[in-house]
Amino acid sequence: MSFLNKVETWISKSIPSDDGWSQIKPFIFLKLTTDGGYYGWGEAFTLPTREKGIVEIVHNLVNSLSHIENLTPDRFHKEVEVIADGHRGIDFSAATSAIEMSLWDIEGKKKKKPLYKILSSKYRDKVPVYATIWSEDFKNDEKLSSRCEEILNQGYGGIKIYPLQKRTIDQAAICVSKIRQTLGFNMPLMLDLACPKDINISLKLAPLIEEFKPYWFEEPVDGEATSALKEIKNQTGLRIVTGEKQCGINHFIETLAADAVDIFNPDISSVGGIIDMIKIIELSNKNNVRVSPHCWNSMSIAASAMVHLCMSFPNTEMAEFFPEYIPYTLKFCNKNFEINNGFIELDNREGLGVKIDTNLLMENTSSYKFSILDKN
Ligand SMILES: [Mg+2]
């Protein structure tokens, strides 16, 4: 018999990365504790101005379910379906993702197994990993190119860039050609177009970069624009990636039905939860579509959940890492992974395998909130 008895949330500070490459966004961390002494960590995706709103949803949701004995991820998922009443939204789904993640962490600790062994019996030992080269500030082609070299020396198996960031279509094509020259043709190069407003931008860029063999063409339009995605998929023949801004499974069903995608990249901390992620993977498999989880989150809790999931489902594509977020994460979290030769390996700790020093986390926190729960 066990009830949740405490919920704690932290919103981390937004600071420049140690290497000055980018501004680290605020992260939302969640710790659930049971009256049996178990605890689990979760993380919610967030965007500017929403952090405290998502934290509020987390506390309200956990409070409303505190009367449930032995709240499992499955039971939580079912309760959320009722509470949501068909209305999801990405901020609500970010909250449910964090809570479900922490319940999975507790499950792992109770069963004394790492999460990937609980999710599947057909797991793999390591997962292909790529680095996203993102900065809010414009970096010219030379800077981007030397950044790519640096990152490749850190063992990643692929690179993602944003060629249209403050570039014209022609400049974007030149950028892609330079980065391809730097990487060589054996290294997967992913292009994220970050949803241009006009479909013609993507359609004009596609033939210009085709010879540089991009591994994928991400968000050539907004993920909701299914017919435009389908048009780009048909006209370009490039691998179309979408899904990071979507939550729940209905959108993914619709996109599969329209044959508008090659790879889905739902975010581990905003899609709704690991159970939704598994449903999306299973549906995608039936349609010869792969899943490559998005993770614009910290490289601690959310990244661990993503890698566990990718280990459990060997036909998932690649795990996404933000290299400059790692030193920040290690200020308060243990290093539970190694990246070598294009793959990431986790150590074999129970649950998610993350160990967070809450005193050190507090030093990096802009807002902390806790609630003691009453099971009655
Ligand atoms: Mg993207």
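Residues numbered from 1 in each chain as written. Predicted model: local features only at pLDDT ≥ 70, side-chain atom pairs only at ≥ 80, totals over all residues.

Undergrad: Which residues make up the overall build of the chain, and what values go with them?
TA: Along its length, the chain carries 13 helices and 16 strands. Taken over C-alpha atoms, the radius of gyration comes to 20 Å for the chain, in line with the 21 Å a tight globule of 376 residues would show. Judged by the C-alpha coordinates and their principal axes, the chain covers about 65 × 45 × 40 Å. Looking at the chain residue by residue over its 376 residues, the buried ones come to 49%. Counting only contacts in the chain whose residues sit at least 6 apart along the sequence, the fraction spanning at least 24 positions is 73%. (Helix = DSSP H or I, 4+ residues; strand = E, 2+ residues; numbered from the N terminus. Rg over C-alpha atoms; globule rule 2.2 N^0.38 Å. Buried ≥ 20, exposed ≤ 12 C-beta atoms within 10 Å, placed from the backbone. Contact = placed C-beta atoms within 7 Å.)

Undergrad: Got a sec to walk through the domain arrangement of the chain? Specific residues and values, please.
TA: Interface size, as often reported, equals the accessible area lost upon joining of the parts. The domains assigned to the chain are domain 1 (4-112 + 359-372) and domain 2 (117-346). Using only C-alpha atoms to locate each centre, domain 1 and domain 2 end up separated by 24 Å. Counting residues at the interface gives 32 residues for domain 1 and 28 residues for domain 2. Its residues placed into classes, the side of domain 1 that touches domain 2 shows 15 nonpolar, 10 polar and 7 charged. (Domains from an automatic or database assignment. Nonpolar A, V, L, I, M, F, W, Y, C, P; charged D, E, K, R; others polar.)

Undergrad: So what's going on with the packing of helix α1 (residues 51-64) against helix α3 (residues 90-111)? Residues and values would help.
TA: Put simply, α1 and α3 touch, their axes get as near as 9 Å, and they point 55° apart. Here α1 is positioned oblique relative to α3, judged by the angle of their axes. Handedness of the crossing formed by α1 with α3: right-handed. Here α1 contributes Gly53, Ile54, Ile57, Val58, Leu61 and Val62 to the contact with α3, which in turn contributes Asp91, Phe92, Ala94, Ala95, Ala98 and Ile99. Taken together, the residues that form the contact of α1 with α3 break down as 10 nonpolar, 1 polar and 1 charged. (Axes fitted to C-alpha atoms, helices over the stretch in contact; angles between N-to-C directions. Parallel < 35°, antiparallel > 145°, perpendicular 65-115°, else oblique. Left-handed = near helix turned anticlockwise from the far one by under 90°.)

Undergrad: Report on the nonpolar core, specifying residues and quantitative values.
TA: Counting 112 residues, the largest nonpolar core has Val58, Ala95, Ile159, Met306 and Val307 as its most contacted members. Of the residues forming this core, the biggest block, 10 residues, is contributed by α3. Looking at which domains feed residues into this core, each of domain 1 (4-112 + 359-372) and domain 2 (117-346) supplies at least three. Setting aside anything within four residues of it in sequence, one finds Ala95 in contact with Ala44, Ile54, Ile57, Val58 and Leu61. (Core = buried A, V, L, I, M, F, W, Y, C linked by C-beta atoms within 7 Å.)

Undergrad: How would you explain the sheet that holds strand β1 (residues 4-12) if you had to name every residue and give the values?
TA: The 4 strands are arranged β5-β4-β1-β16 in an open sheet whose pairing can be described as antiparallel. Edge positions in the open sheet fall to β5 (39-44) and β16 (365-372), since each of these has one partner strand only. On average, each strand axis in the sheet is inclined to that of its neighbour by 15°, with strand direction left out of account. Here 7 bridges tie β1 to strand β4 (residues 28-34), and the two strands are oriented antiparallel to one another. Opposite Thr9, over in β4, you have Leu30 as the bridge partner. On top of the sheet, α1 reaches β1, β4, β5 and β16; it is set at about 175° to β1, its chief contact. (Pairing = 2+ DSSP bridges.)

Undergrad: Can you lay out the packing of helix α2 (residues 73-84) against α3 for me, pointing to particular residues and giving the numbers?
TA: Interaxial distance between α2 and α3 falls to 9 Å at its minimum, and their mutual angle equals 160°. Taken together, the axes of α2 and α3 lie roughly antiparallel to each other. α2 and α3 meet at a crossing whose hand is right-handed. Across the interface between the two elements, Pro73, Phe76, His77, Val80 and Ala84 from α2 touch Phe92, Thr96, Ile99, Glu100, Leu103, Trp104 and Glu107 from α3. When the residues that make up the contact of α2 with α3 are grouped by side-chain class, the tally is 8 nonpolar, 2 polar and 2 charged.

Undergrad: Describe α3, naming the residues involved and giving the relevant values.
TA: In an α-helix, one turn spans 3.6 residues; hence positions three or four apart end up facing the same way. The first and last C-alpha atoms of α3 sit 31 Å apart over 22 residues, in line with the 32 Å expected at 1.5 Å per residue. Counting buried residues along α3, 18 of its 22 residues qualify, which places the element largely inside the surrounding structure. Two residues or fewer past α3, Lys112 is found with a positive phi of approximately 55°. (Expected span 1.5 Å × (residues − 1).)

Undergrad: Requested: an account of the pairing of β4, with residues and values cited.
TA: Residues in a regular strand project their side chains so that they alternate between the two faces of the sheet. For β4, the tally of buried residues reaches 6 of 7 residues, placing the bulk of the element in the interior. Connecting β4 to the antiparallel partner β5 that follows it, the hairpin turn spans 4 residues, and Gly37 within it adopts a positive phi of roughly 95°.

Undergrad: I'd like a description of the pairing of strand β14 (residues 337-340), backed by residues and values.
TA: Two elements, β14 and strand β15 (residues 343-346), share 4 bridges in a ladder whose sense is antiparallel. Looking at the pairing, Phe337 lines up with Leu346 of β15. Taking the residues that link successive antiparallel strands as the turn, the β14-β15 hairpin has 2 residues, and the phi of Asn341 there is positive, at about 50°.

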